[in-house]
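Residue strings, one per chain:
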Amino acid sequence: MASLTLDEIYQLAYQSLCQAGADDANASAVATTVTHAERDGSASHGLFRIPGYLKSLLSGKVNGKADPQPEQVTPAILRCHGDHGYAPLALQRSVPALAEAAKTYGIAALTLTHSHHFAALWPEVEALAEHDLMGFSCVSYKPVVAPAGGNEAIFGTNPIAFAWPRPGRSPLVYDMATAAMAQGEVQIAARDGHSVPLGTGLGPDGELTTDPQEILKGVLLPFGGHKGSAIAMMVELMAGPLVGESLSFETAERDNVDGGPPQGGQFLLAVSPQILGGENWSQQAEGLFTRLEAMEGVRLPGQRRHNLRENQGNREVNDSLLAEIRQLAPQA
Ligand code: NDP
């Protein structure tokens with residue numbers, strides 16, 4: 001493992017993306033997202049994603065000079081055509097307008113299309129919580145997850161993220177794949193030679209296995225059986241037909257399998273608890289959090305990341321990952 005400062009992580013991401021053809025705005029937005037993931041201990045969405053970002057720029061699938069512009073469809077609905085670029089720049093430009101609309105009308109939605117999402121979802125919902133809004137988002141991927149009872153991939157790993165504002169404190173945030181394990185985590189386990197829990201996925205023979213290499217050749221399973229499967233299906237609909245984008249299996253039909261993210265859609269919802277729930281919203285919610293935190297063995301989701309965030313020191317980065325990035329972008 002190598003030890004890198006957060007600035008070195010940012011510079012490595014930024015320089016390599018620029019070398020592969022991204023302009024300053026796109027490289028800076030993605031490098032910021034990647035650095036924040038490393039800072040927060042979301043290793044599967046930090047530098048680990050850079051080779052995929054670089055491959056999809058080099059193959060021409062993703063537009064590294066995308067110029068996404070949000071438009072107001074109705075007072076409470078925003079739409080952003082991603083211009084075939086990565087999601088972070090489109091989100092950076094759209095989320096402030098989404099927050100303003102929700103603060104005015106109580107509820108607002110943003111749809112992002114023609115975009116490539118290869119990151120964690122918590123940055124966008126946390127950004128809404130910073131405006132004292134409840135945030136929800138989901139995004140589809142390409143088919144790697146079998147529905148409950150099946151052994152053929154049809155759903156993406158389809159994450160959902162939720163943030164609840166806590167004025168003066170870090171928000172409550174959960175952000176999770178609807179697969180039993182995010183694909184990036186399975187890839188890291190395969191790279192590092194670790195097994196994964198039974199129930200994570202099936203091998204190519206359709207049998208349960210703890211071997212991540214076999215699961216990567218087979219299919220992932222949804223978390224929680226038919227319940228997670230239903231939520232994964234909901235994400236397909238919300239990030240597909242609801243926003244005017246493709247379903248995961250449709251996405252796969254046009255993806256060039258270059259190792260980078262496929263084109264897909266994203267749905268974001270922002271709600272003002274102040275407008276819907278009234279003055280007592282925060283005090284009442286804090287009553288729940290206080291009870292939860294008082295229980296032995298219970299922690300609030302998001303707390304691990306927010307604790308790690310307080311340490312601005314170096315982060316450990318896998319040597320073979322650094323070598324792969326430098327092979328793809330030799331001057332970075
Ligand atoms: P995890 O299972 O690691 O964590 C899911 C959530 O549960 C987190 O909010 C986490 O908070 C919380 N949590 C974990 N353990 C506990 C606990 N003991 N008590 C309370 N809360 C807990 O995440 P996944 O592996 O499912 O997903 C990882 C990432 O992958 C997500 O950020 C997701 O957005 C991303 N992803 C992106 C995709 C894309 O296409 N762009 C596709 C699929 C996934 P905490 O962070 O504080 O630990």
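Residues numbered from 1 in each chain as written. Predicted model: local features only at pLDDT ≥ 70, side-chain atom pairs only at ≥ 80, totals over all residues. Heavy atoms only, no water.

Q: Looking at this structure, how should I read the sheet that holds strand β4 (residues 107-116)?
A: The pairing of strands in a sheet happens through backbone hydrogen bonds and is either parallel or antiparallel. A sheet is described by the order of its strands in space; here 7 strands give the open sequence β2-β3-β4-β11-β5-β6-β7, paired in mixed fashion. Of all the strands in the sheet, the pair left with one neighbour each is β2 (69-74) and β7 (172-176). Pairwise comparison of adjacent strand axes, ignoring direction, gives a mean angle of 15° for this sheet. For β2 and strand β3 (residues 77-86), the ladder comprises 5 bridges, and the chain directions are antiparallel. Bridge assignment links glutamate 71 to a residue of β3, and that residue is arginine 79. Here helix α4 (residues 87-105) sits on the sheet in contact with β2, β3, β4 and β11 (263-271), set at roughly 170° to β4. (Pairing = 2+ DSSP bridges. Helix = DSSP H or I, 4+ residues; strand = E, 2+ residues; numbered from the N terminus. Axes fitted to C-alpha atoms, helices over the stretch in contact; angles between N-to-C directions. Contact = heavy atoms within 4.5 Å.)

Q: Whenever I open this one, the packing of aromatic side chains confuses me. Can you help?
A: The tally for this structure, following the rule as stated, stands at 5 aromatic pairs. For the ring pair tyrosine 53 and tyrosine 86, a centre distance of 4.7 Å and an interplane angle of 85° mean the geometry is edge-to-face. One end of the pair, tyrosine 53, is in helix α3 (residues 50-58); the other, tyrosine 86, is in strand β3, with 33 residues separating them in the sequence. Look at tyrosine 53 and phenylalanine 118: their rings are 5.3 Å apart centre to centre, the planes differ by 85°, and that puts the pair in the edge-to-face class. Note that tyrosine 53 is positioned in helix α3 and phenylalanine 118 in the loop between β4 and α5 (122-129), a separation of 65 residues in sequence. With relative accessibility at 6%, the residue phenylalanine 118 sits in the buried group. Members of the aromatic cluster, connected to one another through ring pairs, are Tyr53, Tyr86 and Phe118. If you follow arginine 49 out to its NZ or CZ, it ends over the ring of phenylalanine 118, 4.3 Å from the centre. In this structure, arginine 305 is placed above the aromatic ring of tryptophan 122, and the distance from its NZ or CZ to the ring centre is 4.0 Å. (Phe/Tyr/Trp six-rings, centres within 6.5 Å; stacked < 30°, edge-to-face > 60°. Buried < 20%, exposed > 50% of the residue type's maximum accessible area, 1.4 Å probe, protein only. Lys NZ or Arg CZ within 6 Å of the ring centre and 35° of its normal.)

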